[in-house]
Amino acid sequence: MSHVIPYIAAIQEAIREEMERDERVLYFGQNMATSPEDPFLKQFGPDRVRVTPISETAEIGMATGAAVAGYRPVVELYMAEFLLVATDQVVNEGTRFHFMSKGQVSVPMVMVAGYGFTAGWAGQHTGSIYGMFMGVPGLKVALPSTPADAKGLMTTAIRDDNPVLFFQNYLLLLDEGEVPDGEHSVPFGVADVKRAGSDLTLVGTGYAVRTALKAAETLARRGVSVEVIDPRTIAPLDVDTILSSVARTRHLVLVDQATRHSSVAAVIAAEVAELGFSSLEAPISMVTALDSSIAYSKPVEEFVLPDEHKVIRAVEASLGLAPAST
Amino acid sequence: MPGGAAADPGSQALDAGGAERLLATMWRIRAFEERLEPLKRSSMVHGLTHLSIGQEAVAAGVCTQLRDDEPVYSNHRANGHALAKGVDMGRLLAELMGRADGCCRGLGGSMHVVDVAHGFLGATGVVGGNLPFAVGSALASRLLGRERPAVVFFGDGAAQTGIFAETVNLASLWQVPVVFVCENNGFAEFTPRSAHTRVERVSDLAAPFRVAARTVDGNDVAEVHRVFADALTQARAGGGPFLLECLTHRLSGHYVGDPGGYRAAVEDEAWRARDPIGRLVRQADAAGWFDVERSRAAEEAARDEVEAAVAFALGSPFPDPGIPAELTYAR
Ligand SMILES: Cc1ncc(C[n+]2csc(CCOP(=O)(O)OP(=O)(O)O)c2C)c(N)n1
Ligand SMILES: [Mg+2]
């Protein structure tokens, strides 16, 4: 049994259920309790649902301290870029605490960060900056593309004993999808085959999964069978599922909204080049954002970003197909 | 340049001419933003639109006293600051419409307006992100032997950031000519100030750093003008940093289309009675400077200028989709 809800509601559902299940789960953010009618505030009260000032560094650091003391804070940061203000806290403090203390402490906390508001929000609010965090030791990074995964990964994130950076995509917030009823968790480090196929493996990350699925659907009408894989978490990253798919399809295209050299695509390309080279019949192709800030103006914004057409061109090139007229 | 930044106005007390200039500037901002709202709602303007309706006295009282080589840094709520500093209205609107003739070629948009020629060194979408830029500008001016003050606008919400304290401390330590102008509208997005801090006044934060500070009625343009004039005179004379807190109120949402639920707690009606434009007209009447007819004329001129800006912006093409290499890195 399942129910259909938007991506954002699925995330909220996970947080609510985990707060019901475990009193140690706390919820912090700058607009957390704007009115007394706020559903979280009403249900869980002002001790557990707390408004924070515009102080990302202190918000995340404070959550670290509470986590060390046994609580499980969820910090709502709104735009992912705002946590860049607190980069030290995200990268170099709580994330290293467990290791450097010989495991004496652990830091079970979740940082929720929205990314990719590519609807004219311009240079400082549209980045797909998740790639910057996938090489941070001690930090797990979740990147859901569907409501069901969003709920399941949030559940897992809250239950995990490590700091988790949970990236939600702004353009997907209202997208509806089926979410399993009852308790629902999705394991970290397990990719999901979103569409089975035999001619080529297409890996999307976060929002780009949607782009990949659209391209696969269009290509299917031309008789091209594309397998679409969603890693779902990028730290840990499930390379095996991708390798076994490539072993069958022998072709790999990667789609990622991040800038090329800060993309998950670049990491996957390197892994497959090293571990799956003999499977490949064509070069790996990365369809990413250009290495540029994202412009405000629509035509320039679109120019920088990957889209269905760019993916289809890359698939055609990989398979040696003549480009379809568009 | 009606109501825009003047070449070297000096910082004398307000007179009839000065009051008229402030009136014209406030009307230009008001008329621009009142037109911007429907343009945004009909998607002619895209991205995020933050209006400053009700807060015009701060932008006008401050920016009209600055020279072009005295830079202003702004935040996400930038339209008023930009217009008052002399940014061309048509080029500003073209930017907000993402057009090629925008002051940043449509690449920056509403939170990233920059116009170096008029000393408008830009907005930022990250709260507090550019506070220290102003200290750097002021330092450079000191090193160049010019003592041209830099001004940075910020909201009451920004005062809770770490970068704020770091910046004020540095400005104080080096005694550089910078004026921090806080627009305290009592809200950060949808959250009242009382939920973010127990500090009553942003100006209270200056004392421990030994930075001079004043809190003024930010809806009284004459008062903003007078106190900022003093701060500017001091800063130009090498007197170091100053923090000016302007108590004000935004009469519309955090951004156009915000959910607005929190506004039940907002005393819009009381604040409407303190509308900065009406206040100035009443003061001018009492002082014998001008009457409401003059205000109507200023309003009409502003609305005409806005319509011309709309025509200009609509007539401007969208920029070519490419990213010129010279914009990725400076050469
Ligand atoms: C570092 C950072 N955190 C959060 C935000 C989201 N945000 C945008 S505007 C805003 C409120 C700012 O309040 P204030 O400084 O008082 O300015 P106002 O909007 O009232 O003019 C917030 C929290 C941001 N832009 N940057
Ligand atoms: Mg404010």
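Above: the structure in question.
My aim in this report is to walk through the structure given alongside it, one point at a time. What you see is a predicted model, and the numbers here were worked out from it, not measured in a lab.

The next point concerns the coordination of the magnesium ion (ligand 2). Residue and element names in this part refer to chain B. Bound to the magnesium ion (ligand 2) on the protein side are Asp156 (OD), Asn185 (OD1) and Phe187 (O), at distances that span 2.0 to 2.1 Å. Along the chain, the residues that donate to the magnesium ion (ligand 2) are spaced as D-x28-N-x1-F. With Asp156 in the loop between β2 (150-155) and α6 (162-174) and Asn185 in the loop between β3 (178-184) and β4 (187-188), this pair connects stretches of sequence that are 29 residues apart. Asp156 gets classed as buried once you look at its relative accessible area, which sits at 2%.

Within the secondary structure, Lys214 of chain A is located in helix α6 (residues 207-220). Separated by 95 residues in the primary sequence, Lys214 of chain A and His309 of chain A place their C-alpha atoms 9.6 Å from one another.

Next up on the list: the side chain of Asp217 of chain B. All names here are of chain B. Looking at the element boundaries, Asp217 is found in strand β6 (residues 212-217). The buried category is assigned to Asp217, whose relative accessible area is 19%. A distance of 2.8 Å separates a polar atom in the side chain of Asp217 from the backbone nitrogen of Asn219. Leaving out residues up to four positions away in the same chain, Asp217 has contacts with Glu223, Val224, Leu247, Arg274 and Arg279.

This next bit is on the site of ligand 1. Taken together, 19 residues lie around ligand 1, and Glu56 of chain A together with His76, Arg77, Gly125 and Gly157 of chain B are the ones closest in. More than a single chain frames ligand 1: its nearby residues are located in chains A and B. Separating an oxygen atom of ligand 1 from a side-chain N or O atom of Arg77 of chain B is a distance of 2.7 Å. For ligand 1, an oxygen atom lies 2.9 Å from a polar atom in the side chain of Asp156 of chain B.

Our next topic: the interface of chain A and chain B. Across the boundary between the two partners, chain A contributes 28 residues, which contact 37 residues of chain B. Taken together, the two surfaces of chain A and chain B that pack against each other cover about 2400 Å², and 64% of this comes from carbon and sulfur. The largest share of the area that chain A buries against chain B comes from Ile54, Gln124 and Tyr296 of chain A, three residues that together contribute 30% of it. Summed over the shared surface of chain A and chain B, the number is zero salt bridges. Here the side of chain A that touches chain B takes five residues from helix α9 (residues 298-304) of chain A, the largest share from any one element.

What counts, and at which threshold
Residues numbered from 1 in each chain as written. Chains lettered and ligands numbered in written order. Predicted model: local features only at pLDDT ≥ 70, side-chain atom pairs only at ≥ 80, totals over all residues. Heavy atoms only, no water. Donors = N, O, S within 2.8 Å, 3.2 Å for Na, K, Ca; no water. Helix = DSSP H or I, 4+ residues; strand = E, 2+ residues; numbered from the N terminus. Buried < 20%, exposed > 50% of the residue type's maximum accessible area, 1.4 Å probe, protein only. Polar contact = N/O pair within 3.5 Å; in protein donor to acceptor, adjacent residues only side chain to side chain. Contact = heavy atoms within 4.5 Å. Near = heavy atom within 4 Å. Buried area = accessible area lost by both parts, 1.4 Å probe. Salt bridge = Lys/Arg side-chain N within 4 Å of Asp/Glu carboxyl O.

The quantities given are spatial measurements derived from coordinates; they are silent on function.
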